[in-house]
Amino acid sequence: MTEAAVCPVPHENRVHPLGAPAGFEEAVSNGPVKMIWPNGVQAWVISSYAGVRQVLSDKRFSSMREGGPEMRTEGEPILGLKQPGNMNSMDGEEHLRLRRPLSRAFMVKKMNEMRPRIQQIVDDHLDAMERQGAPADLVSALCLPVPSLVIAELLGVSPEHQELFQSTAREMFGKNGSKEVYDAKAAELGEVLAKVADEKRASGTTDDMIGLMVNETDFDSEELMRLAIGLLAAGHETTSNFFGLFALTLFERPDQLEILQRDPSRADVMVEELLRYTIGRLGGAGLSRRAVEDVEVDGVTIKAGEWVTVTLRANLEEALCPNAGELDLERKAVAHLGFGFGPHQCLGANLARTELQILLRSLFTRFPNVRPAIPVTEMEFREDSITYGAAAIPVVW
Amino acid sequence: MPKSATVRIDQTRCIGSGQCVLAAPDVFDQSDDDGLGVVLVPEPPADLLPGVRDAVDRCPAGVVSLEE
Ligand code: HEM
Ligand code: SF4
């Protein structure tokens, strides 16, 4: 049987740093297509709002992604391996067993209790920015340290190891990093965390996530270690990159920034719109699954055993809301797919939301005239990571 | 008499995401024991129904149901 020619998935060369990889939108505009990933694996790309929700929530698609499409061209994969503690690559009961005990730590009311503490951390960093004076790098002054301190506190780890958390996270999400380097970092961090786990065992605390895992779950030490490292890493890179992308988006849209500054009390709803829009606009092929039986999606049959990926560009579909291609901070919150959908929807979503709301409101009220020191198109962006974002954001005020 | 509407959560597949709480805080909560979604008002009055419908749409596990 001959297959129709399969194009490589566009995954770099963004025409605009806040837009999709060149050629991506055109490639997915006519419904499901098969593309070939940098590691040689073929996968369907689903881009409609309904199709993405279906793929991410239908049990006939498995999250066991070993051997699946990867952005890496060389070296062994780091993520997506079937390993103890890797909840993102598990299905059904096995997945719920790891995820459920942790969801309690991210409950909406727990996050609301954290608000004053997160506000204090944000204010401390804004104070420091003010003391040091313009120009500042928004990434190292605010975007990165805030989520980093918050996730360390939630886990119950001392912030003195911040540099190690950050470098491990970078290696974990790097597209071209070596598995050996990551393993060495993870082992170093694992030693720190093993000591912390011993302390929690001795004190019996369940007030933080490591305490909760040690004293209230049946997780073994390897699961515990991988979960803790995964949470530290996920807690860093994502929120940090996205807050930077939010700021850049608003710098380009003074009309929208004005809406925020007029009514900062609506920051919660505005964060949803910024997530919807920035994630949709970045496009690109993302989350992958594998069909365990033949399934029809958007008019094509995905055959058992085939790989399928979804693009969160679906956030810009009219099926979700009118004028979906436009950023509109006056819009009410809609069911966007920025955190995914289905049983693997982001575990940290409520934490990320809370952090982003406080960061957004605080930065732009405290520094109403904050603006980029160089054009956005001249800034350096991290294409080498699966968590895309600006490497530095020089600002003045 | 207006017919009543019934809200349910099938906890067996709930992932404790709290989306229902964000969508309709007067109708849903999360259990302190396990973080799973719980229904506070099983037969919500009409003014709360838009929030409940939003919760049905947003629940990532598809376990919130509304019978009208
Ligand atoms: C703006 C910030 C964030 C975005 C856009 C984001 C996005 C996502 C997405 C799309 C998924 C779904 C993956 C899939 O379907 O396979 C996911 C999963 C996950 N996220 Fe996030 N995330 C963010 C912040 C965080 C934070 C702060 C944490 C932890 C503290 C976190 C922890 C996780 C974990 C553990 C999973 C795996 C859940 C599972 O497989 O059941 N994320 N995230
Ligand atoms: S939205 Fe659904 S999965 Fe999340 S807590 Fe409510 S019922 Fe459970």
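Shown above is the structure to which this text applies.
Residues numbered from 1 in each chain as written. Chains lettered and ligands numbered in written order. Predicted model: local features only at pLDDT ≥ 70, side-chain atom pairs only at ≥ 80, totals over all residues. Heavy atoms only, no water.

All names here are of chain A. Core analysis: the largest hydrophobic core is formed by 111 residues, its most contacted members being Leu363 and Phe364. In terms of residues, this core owes the most to one element, helix H10 (residues 221-251), which gives 15 residues. In this view, phenylalanine 364 contacts Ala247, Leu250, Phe251, Leu257, Leu260, Gln261 and Val370; residues no more than four positions away in its chain are not counted. (Core = buried A, V, L, I, M, F, W, Y, C linked by side-chain atoms within 4.5 Å. Buried < 20%, exposed > 50% of the residue type's maximum accessible area, 1.4 Å probe, protein only. Helix = DSSP H or I, 4+ residues; strand = E, 2+ residues; numbered from the N terminus. Contact = heavy atoms within 4.5 Å.)

This part is about the interface of chain A and chain B. In this assembly, 17 residues from chain A lie in contact with 23 residues from chain B. Carbon and sulfur atoms supply 47% of the area buried between chain A and chain B, which totals about 1700 Å² over both sides. Looking only at chain A, the three residues that lose the most surface to chain B are Arg100, Val108 and Lys109 of chain A, adding up to 27% of its buried area. One can count three salt bridges joining chain A with chain B. Put simply, aspartate 57 of chain B and arginine 53 of chain A hold a salt bridge, and the shortest N to O gap is 3.1 Å. Joining chain A to chain B, the criterion identifies eleven residue pairs in polar contact (both at pLDDT 80 or more). Counting residues per element, the ones that place at least two in the side of chain A that touches chain B are helix H2 (49-57), helix H3 (92-103), helix H4 (108-132) and helix H13 (349-366) of chain A. (Buried area = accessible area lost by both parts, 1.4 Å probe. Salt bridge = Lys/Arg side-chain N within 4 Å of Asp/Glu carboxyl O. Polar contact = N/O pair within 3.5 Å; in protein donor to acceptor, adjacent residues only side chain to side chain.)

Residue and element names in this part refer to chain A. Here the structure, examined in full by the defined rule, presents three aromatic pairs over all chains. Pairing phenylalanine 367 with tryptophan 397 gives two aromatic rings, centres 4.9 Å apart and planes at 55°, and the pair type is tilted. One end of the pair, phenylalanine 367, is in the loop between H13 and strand S10 (371-372); the other, tryptophan 397, is in the segment after strand S11 (394-396), and 30 residues separate them in sequence. Its relative accessible area of 28% is what places tryptophan 397 among the partly exposed residues. Geometrically, the ring pair formed by phenylalanine 381 and tyrosine 388 is stacked, given 5.7 Å between the ring centres and 15° between the ring planes. A single burial state applies to phenylalanine 381 and to tyrosine 388, both of which are buried. Directly above the aromatic system of tyrosine 388 lies the positively charged group of arginine 14, at a separation of 4.0 Å from the ring centroid. Taking NZ or CZ as reference, arginine 53 lies 4.2 Å from the ring centre of phenylalanine 341, over its face. (Phe/Tyr/Trp six-rings, centres within 6.5 Å; stacked < 30°, edge-to-face > 60°. Lys NZ or Arg CZ within 6 Å of the ring centre and 35° of its normal.)

This part is about the pattern of salt bridges. Residue and element names in this part refer to chain A. Taken as a whole and judged by the stated rule, the model has 26 salt bridges over all chains. Here arginine 97 and aspartate 218 are joined by a salt bridge, their closest N and O atoms 3.3 Å apart. In this pair, arginine 97 sits in helix H3 while aspartate 218 sits in the loop between helix H9 (209-216) and H10, placing the two residues 121 residues apart along the sequence. Its relative accessible area of 33% is what places arginine 97 among the partly exposed residues. Among the residues examined, aspartate 218 registers a relative accessible area of 56% and is labelled exposed.

Every one of the 14 residues lining ligand 2 counts as a neighbour, but Cys14, Ser17, Gly18, Cys20 and Cys59 of chain B are closest to it. Tallied by class, the residues present in the shell around ligand 2 amount to nine nonpolar, five polar and no charged. (Near = heavy atom within 4 Å. Nonpolar A, V, L, I, M, F, W, Y, C, P; charged D, E, K, R; others polar.)

On to the sheet that holds strand S1 (residues 7-8) of chain A, then. Paired through backbone hydrogen bonds, the strands of a sheet run either parallel or antiparallel to each other. Residue and element names in this part refer to chain A. Reading across the sheet, the six strands line up as S1-S2-S3-S9-S6-S4 and stay open at both edges, with mixed pairing between neighbours. Lying at the two open borders of the sheet, with one neighbouring strand each, are S1 and strand S4 (61-62). Bridge analysis of strand S6 (residues 288-291) against strand S9 (residues 307-310) gives three bridges, and the strand direction is antiparallel. Bridged to arginine 289 within S9 is valine 308. (Pairing = 2+ DSSP bridges.)

Residue and element names in this part refer to chain A. In the vicinity of ligand 1 there are 26 residues, among which Asn88, His95, Arg289, His344 and Cys346 approach most closely. One nitrogen or oxygen atom from the side chain of arginine 65 is found 2.9 Å from an oxygen atom belonging to ligand 1. Here an oxygen atom of ligand 1 sits 2.9 Å away from a polar atom, N or O, in the side chain of arginine 99. Contributions of two or more residues to the shell around ligand 1 are made by H3, H10 and H13.

This brings us to the sheet that holds S11 of chain A. All names here are of chain A. Read from one edge to the other, the open sheet built from three strands follows the order S5-S11-S10, with strand pairing classed as antiparallel. The open sheet has two free edges, formed respectively by strand S5 (136-137) and S10, since each of these has just one partner strand. Note that S10 and S11 share two bridges and pair antiparallel. Across the sheet, arginine 371 pairs through a bridge with valine 396, a residue of S11.

Moving on, we come to the coordination of the iron atom of ligand 1. Here the protein supplies the iron atom of ligand 1 with just one donor, Cys346 of chain A (SG), and that contact is 2.2 Å long. As for its placement among the helices and strands, cysteine 346 of chain A is situated in the loop between S9 and H13. (Donors = N, O, S within 2.8 Å, 3.2 Å for Na, K, Ca; no water.)

Residues and elements named next belong to chain B. Only one face of strand S4 (residues 64-67) is covered, namely the face carrying Val64 and Leu66; the face carrying Ser65 and Glu67 is uncovered. As paired elements, strand S1 (residues 6-9) and S4 share four bridges and run antiparallel to each other. Bridge pairing in S4 places valine 7 opposite leucine 66.

Relative to the helices and strands, glutamine 19 of chain B resides in helix H1 (residues 19-23). Note on glutamine 19 of chain B: relative accessible area 4%, which makes it buried. Other than its neighbours up to four places away in sequence, glutamine 19 of chain B contacts Gln345, Asn350 and Arg353 of chain A together with Arg58 and Pro60 of chain B.

With that out of the way, let us pick up helix H11 (residues 254-262) of chain A. All names here are of chain A. Looking only at H11, the buried set comprises Gln256, Leu257, Ile259 and Leu260. What you see down the axis of H11 is that its buried residues fit within an arc of 150°, all on one side. Of the residues in H11, the exposed ones pointing more than 90 degrees away from the buried face are Pro254 and Arg262. On the buried face of H11, the contacting elements are H10, helix H12 (267-282) and H13. (Arc of directions from axis to C-beta.)

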